[in-house]
Amino acid sequence: MTPDEIVLLARKADLWITSDERWAAVVRFARLVEAAEREACAQVCEEIKGVKLQGYEFAAAIRARGEK
């Protein structure tokens, strides 16, 4: 997600900040949330029963999204 997309979502949530420094903090926070959600999704994939190998492949693909 780009910083502009994060700002747009923050504004949709009625979060209005005028300081660039504060917006930078919002973007950092959003990055942490994204990383936590990716890891949670990857863990779910690893726990899929019956498709163990594919589950690990899915988990690796999800984790790789954070490296873009």
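Note that residues are indexed from 1 along each chain, following the sequence as it is written. Two thresholds apply to this predicted model, a pLDDT of at least 70 for residue-level local features and 80 or more for giving and counting side-chain atom pairs, whereas whole-chain, interface and lining totals are computed over all residues. Remark: hydrogens and water are excluded; side-chain values derive from all non-hydrogen atoms of the structure.

Visitor: Would you mind going over the pattern of salt bridges with me for this structure?
Guide: Here the idea is simple: oppositely charged side chains can pair when their charged atoms come close. A pairing counts as a salt bridge when a side-chain nitrogen of Lys or Arg comes within 4 Å of a carboxyl oxygen of Asp or Glu. Following the criterion strictly, the structure yields two salt bridges and no others. Between Glu-34 and Arg-31 there is a salt bridge; the shortest N-O distance is 3.4 Å. Of this pair, Glu-34 and Arg-31 both sit in helix 2 (residues 20-46), three residues apart, roughly one helical turn. Here Glu-39 and Arg-63 are joined by a salt bridge, their closest N and O atoms 2.8 Å apart. Remark: Arg-63 occurs in helix 3 (residues 52-64) and Glu-39 occurs in helix 2; sequence separation between them is 24 residues. Each residue is placed in one exposure class: buried if its accessible area under a 1.4 Å probe, protein chains only, is under 20% of its type's maximum, exposed if it is over 50%, and partly exposed if it falls in between. Look at Glu-39 and you get partly exposed, because its relative accessible area is 30%. Residue classification places Arg-63 among the partly exposed positions, given a relative accessible area of 29%. Strands here are runs of E lasting at least two residues and helices are runs of H or I lasting at least four, both read from the DSSP assignment and numbered beginning at the N terminus.

Visitor: Whenever I open this one, helix 2 confuses me. Can you help?
Guide: Every α-helix winds through 3.6 residues per turn, so residues three or four apart in the chain are directed the same way. Helix length check: helix 2 (27 residues) gives 39 Å between terminal C-alpha atoms against 39 Å at 1.5 Å per residue, within 8%. By the burial criterion, the buried members of helix 2 are Trp-23, Val-26, Val-27, Ala-30, Glu-34, Ala-42 and Cys-45. We call two N or O atoms a polar contact when they sit within 3.5 Å, provided that within protein one can donate a hydrogen and the other can accept it, with sequence-adjacent residues counted only if both atoms are side-chain atoms. A side-chain oxygen of the first residue of helix 2 lies 3.2 Å from the backbone nitrogen of Glu-21; this N-cap is Ser-19. One fewer than the residue count of a helix, multiplied by 1.5 Å, yields its expected span.

Visitor: Hey, could you run me through the nonpolar core in this one?
Guide: Note that soluble globular proteins tend to have their nonpolar side chains buried in a common cluster. Ile-6, Val-7, Ala-10, Ile-17, Trp-23, Val-26, Val-27 and Ala-30 form the largest nonpolar core, which has eight residues in total. Breaking this core down by element, the ones donating at least two residues are helix 1 (3-12) and helix 2. Among the elements that make up this core, the one with the highest residue count is helix 2 (four residues). Contact definition: two residues touch when any of their heavy atoms are within 4.5 Å. When residues no more than four places from it in sequence are discounted, the contact partners of Ile-17 are Arg-22, Trp-23 and Val-26. As used here, the term nonpolar core means buried Ala, Val, Leu, Ile, Met, Phe, Trp, Tyr and Cys residues forming a set that is joined through side-chain atoms within 4.5 Å.

On their own, these measurements won't tell you what the molecule is for.
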